[in-house]
Amino acid sequence: MSASATSAESTSFAARINHPAARALIERHRLRWWEVLPWIAAIAGYFIFPGYLGFGTELLVAILFALSLDLALGYAGIITLGHAAFFGAGAYTVGMLADHGVWSEPITGLMLAALVAAIVGLLSGLVLLRTRGLTLLMLTICSMALLEQAANMAHDYTGGFDGLPNLPITPIFGVFNFNPLYNNTQYLYALAVLLACFVFVRTLVYSPFGQSLTGIRENLLRMHAVGAPVRRRLIICYTLSAAIAGIAGGLWAQVNAYVNLSSLDLDRAATVLIVLILGGYGRLYGAFVGAVVYLALEHFLARIYPTAWQLGLGILLVFIALFARNGILGLGEALWRRYGGRHKPSAPS
Amino acid sequence: MAALRRQAQAVGAIMSETRLETRGLTRHFGALVAVTGIDFKLAAGARHALIGPNGAGKTTFINLLTGVLQPSHGSVLLGGKDITATAQAERVKLGIARTFQINRLFRGLSVLENVYIPVAERMGVAPSMFNPAGKRTDVIEEAMYLLEVLRLGDVAQHRVSELAYGRQRLVELAIAIGLRPGVLLLDEPAAGVPSAESHIILDAIERLPEDIAVLIIEHDMDVVFRFAKRVTVMVSGAIFAEGTPKEIEANPEVRAVYLGQAGARAGDHA
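Residues numbered from 1 in each chain as written. Chains lettered and ligands numbered in written order. Predicted model: local features only at pLDDT ≥ 70, side-chain atom pairs only at ≥ 80, totals over all residues. Heavy atoms only, no water.

Residue and element names in this part refer to chain A. Evaluated as defined, the whole model comprises five cavities of 30 Å³ or more. Reported here for the second largest cavity is a volume of approximately 50 Å³. Every residue lining the second largest cavity is listed: Thr93, Val94, Leu97, Ala98, Trp103, Ser104, Glu105, Gly109, Ile169 and Gln254. With four residues, helix 6 (residues 84-99) is the single largest residue contributor to the lining of the second largest cavity. Classifying every residue of the lining of the second largest cavity by side-chain character gives five nonpolar, four polar and one charged. (1 Å grid on protein atoms, 1.4 Å probe; cavity = no way out; pocket = protein on both sides within 12 Å on 5 of 7 lines; lining within 4 Å. Points joined across faces, edges and corners; volume = space filled by probe spheres on them. Helix = DSSP H or I, 4+ residues; strand = E, 2+ residues; numbered from the N terminus. Nonpolar A, V, L, I, M, F, W, Y, C, P; charged D, E, K, R; others polar.)

Dropping the structure here:
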């Protein structure tokens, strides 16, 4: 290398590390002040809206489920419409173990739910992730439908169409009971589980592994050409995502004390996809924003307009599809760049 | 980078050694014979150009070398070792890198991230799940170094899709160099770049570390005659002629078959 190379070498290690681009990458994973806000809001909500804790618990479960999808779809670009397969696998793991008197301790129950969902994710991923795009989309729906039918037919174990009601879940740490009338325990428990899973996902997406997932999402062929074991990475990601979806499903079964086929159906898989697209995928907090907006719309629109509340949702989705492809967070970011503070050349990935 | 320079010094002694070789390399697509019976040698530190009319099988040949395609017959050897059955990702680890005729970049990511990915992959950092990517300042520093060498330092923070096409081609090159290849295959590196910008690509190619064996596919004869020390002409999937740029230029058959109208233009620069 000639003259320019020498000049580049003369600028030191420190100079390169202090380049704004390098600093942005080095500091990317550091906690920003606004990242505390959702958690403050969640704790404040506990005290301000004691009558809404059932709704709040449902919201936390939805966020966790959407977060698991964000890992697979938002970061690795795995197009799936069958994520309820893992939610259901987790829910039925908790439900069947409790109903048949095998295991009813909640925290280890969630770990088992994660394990079973991870196994389902790994096995289906080994087959499905050979495909891409629409083929993959169809196959994810198919595998979910297979699970749903299996749950329907194995009536003796799963309760079939009726599901398993009144699950006997033991108190957390043997002390805090799940009271169906007051959801305080459920809410705080769900919040703790969400926080733990969020820390995991956040760590993962800012790691070199997470960076390579975004590489796969942005250009699959190039990832092959830089020597990345693309399929292995996708399968690992899919399995982890399935495990978290399984935790969400297990949590859902525990806090509601029931499990039924709705945990495995297309409606649930489509809803979580809408939640994520609404909030903005590939940006961690899209799951939070999307779940809040979706559930709030569902809750309040259904009161005002019980027969046609989905009309409002539909109009919002049309708006998102036309004007805000990156969801509410993406729209906010674009507006911030245009009218707000400093120019930020590169978006978070 | 120091390691790269040391490598460069050691390489002087083995400069004439064959890095990459093919024997009777053939690939059919159904009845179509894309590449047939190619015996080819790429020396360590070579600056070798592969030219030929459209449809001559140049890109197929590159795809066979990188393992994107499997040959119907014949073999590929790297450093004397048969790698015909070796998968693409493994060949990259063995030191074969390429660029693409049409940019294949991580479009939504920053320029720095585009180079971070291959460097992390090469260093074996990429499977790491529980440490932040930003903690690996060695990867970031090397990526920044590469960007500085290619004069992309000022846009390191920009999203790569915001760059002019010519500078995107440089990122394409940076990704390949970030893999520290022993063999670098450049598929029309200046394709699609406005002529006013093409010099930045050529400058960058000329400044590649000397020990890398470079095979460049190029249509632009100016580039070929400026860059290459050896030229192979492919026609209809087979090697038609091989020699120094002067020999190729002087070869009447090559002129007739390939250079044709371009021959006169290339002659101006000889």
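The next thing to look at is the sheet that holds strand 9 (residues 230-235) of chain B. Residue and element names in this part refer to chain B. The strand order across the open sheet formed by six strands is 6-7-8-3-9-10, and the pairing between neighbours is mixed. Both edges of this open sheet fall to strand 6 (96-99) and strand 10 (238-243), since each of them pairs with a single strand only. Neighbour-to-neighbour, the strand axes of this sheet turn through a mean angle of 20°, independent of strand direction. As defined by bridge partners, strand 7 (residues 183-187) adjoins strand 8 (residues 213-217) across five bridges and the pair is classed as parallel. When the bridges of strand 8 are listed, Leu184 appears paired with Val214. Across the sheet, helix 2 (residues 58-66) is in contact with strand 3 (47-51), strand 6, strand 7, strand 8 and strand 9; its angle to strand 8 comes to roughly 150°. (Pairing = 2+ DSSP bridges. Axes fitted to C-alpha atoms, helices over the stretch in contact; angles between N-to-C directions. Contact = heavy atoms within 4.5 Å.)

Let us look at the confidence of the model for chain B. Residues and elements named next belong to chain B. Of the residues in chain B, 89% have a pLDDT of 70 or more, and the chain-wide mean is 87. Mean pLDDT values over the elements of chain B span from 49, in helix 1 (residues 2-11), up to 96, in helix 4 (residues 111-123). Across residues 8-15, confidence stays below pLDDT 50; counting only partners more than four residues off in sequence or on other chains, it has seven contacts. Overall, residues 261-270 carries pLDDT values under 50, and its contacts beyond four positions in sequence, including any with other chains, amount to 10 contacts. (pLDDT = per-residue confidence, 0-100.)

Here the focus is the domain arrangement of chain B. All names here are of chain B. Domain assignment breaks chain B into domain 1 (18-95 + 181-251 + 258-270) and domain 2 (105-180). Inter-centroid distance (C-alpha atoms) of domain 1 to domain 2 is 25 Å. Each partner contributes residues to the interface: domain 1 has 19 residues there, and domain 2 has 15 residues. Between domain 1 and domain 2 lies a buried interface of about 1300 Å² when both sides are counted; carbon and sulfur atoms form 64% of it. Contact with domain 2 buries surface across domain 1, with Pro181, Ile200 and Arg207 losing the most and accounting together for 32% of the total. (Domains from an automatic or database assignment. Buried area = accessible area lost by both parts, 1.4 Å probe.)

Once that is clear, we can look at the interface of chain B and chain A. At the junction of the two partners, chain B supplies 49 residues and chain A supplies 50 residues. For the pair chain B and chain A, the summed buried surface comes to about 4400 Å²; carbon and sulfur atoms form 64% of the total. Between chain B and chain A we count five salt bridges in total. For the salt bridge of B:Glu121 with A:Arg233, the shortest nitrogen-to-oxygen distance reads 2.8 Å. At the boundary of chain B and chain A, one finds 16 residue pairs in polar contact (both at pLDDT 80 or more). At the level of elements, helix 3 (88-94), helix 4, helix 5 (137-149) and helix 6 (165-177) of chain B are the ones that each hand at least two residues to the side of chain B that touches chain A. Among the elements that make up the side of chain B that touches chain A, the one with the highest residue count is helix 5 of chain B (seven residues). Of the residues contributing to the side of chain B that touches chain A, the split by class is 25 nonpolar, 10 polar and 14 charged. (Salt bridge = Lys/Arg side-chain N within 4 Å of Asp/Glu carboxyl O. Polar contact = N/O pair within 3.5 Å; in protein donor to acceptor, adjacent residues only side chain to side chain.)

Now for the packing of aromatic side chains. All chains considered together, the criterion is met by 19 aromatic pairs over all chains. Relative to A:Phe47, the ring of A:Tyr46 has its centre 5.1 Å away and its plane inclined at 85°; by these criteria the two rings are edge-to-face. A:Tyr46 sits in the buried class, given a relative accessible area of 17%. Exposure remark for A:Phe47: the relative accessible area of 61% places this residue in the exposed category. Here the aromatic cluster, defined as three or more aromatic residues joined through ring pairs, consists of A:Trp34, A:Trp39, A:Phe198, A:Tyr285 and A:Phe288. Lying over the aromatic face of A:Trp252, A:Arg268 brings its terminal NZ or CZ to 4.6 Å of the ring centre. Its guanidinium or amino end placed over the ring of B:Phe100, B:Arg104 lies 4.8 Å from that ring's centre, counting from NZ or CZ. (Phe/Tyr/Trp six-rings, centres within 6.5 Å; stacked < 30°, edge-to-face > 60°. Buried < 20%, exposed > 50% of the residue type's maximum accessible area, 1.4 Å probe, protein only. Lys NZ or Arg CZ within 6 Å of the ring centre and 35° of its normal.)

On to the confidence of the model for chain A, then. Taken as a whole, chain A shows an average pLDDT of 91; of its residues, 94% reach a score of 70 or greater. This model gives residues 343-349 of chain A a pLDDT under 50, and the stretch forms 18 contacts once residues within four places in sequence are excluded.

With that settled, consider the nonpolar core. A:Leu64, A:Leu251, A:Leu284, B:Leu112 and B:Ile140 are the most contacted members of the largest nonpolar core, which has 163 residues in total. Counting the residues that make up this core, at least three belong to each of domain 1 (18-95 + 181-251 + 258-270) and domain 2 (105-180) of chain B. Residues within four places of A:Leu64 in sequence aside, it is in contact with A:Val193, A:Leu194, A:Cys197, A:Ile244, A:Ile247, A:Ala248 and A:Leu251. Core analysis: the next-biggest nonpolar cluster, separate from the first, contains 24 residues, B:Ala46, B:Leu64, B:Val183 and B:Met234 among them. (Core = buried A, V, L, I, M, F, W, Y, C linked by side-chain atoms within 4.5 Å.)

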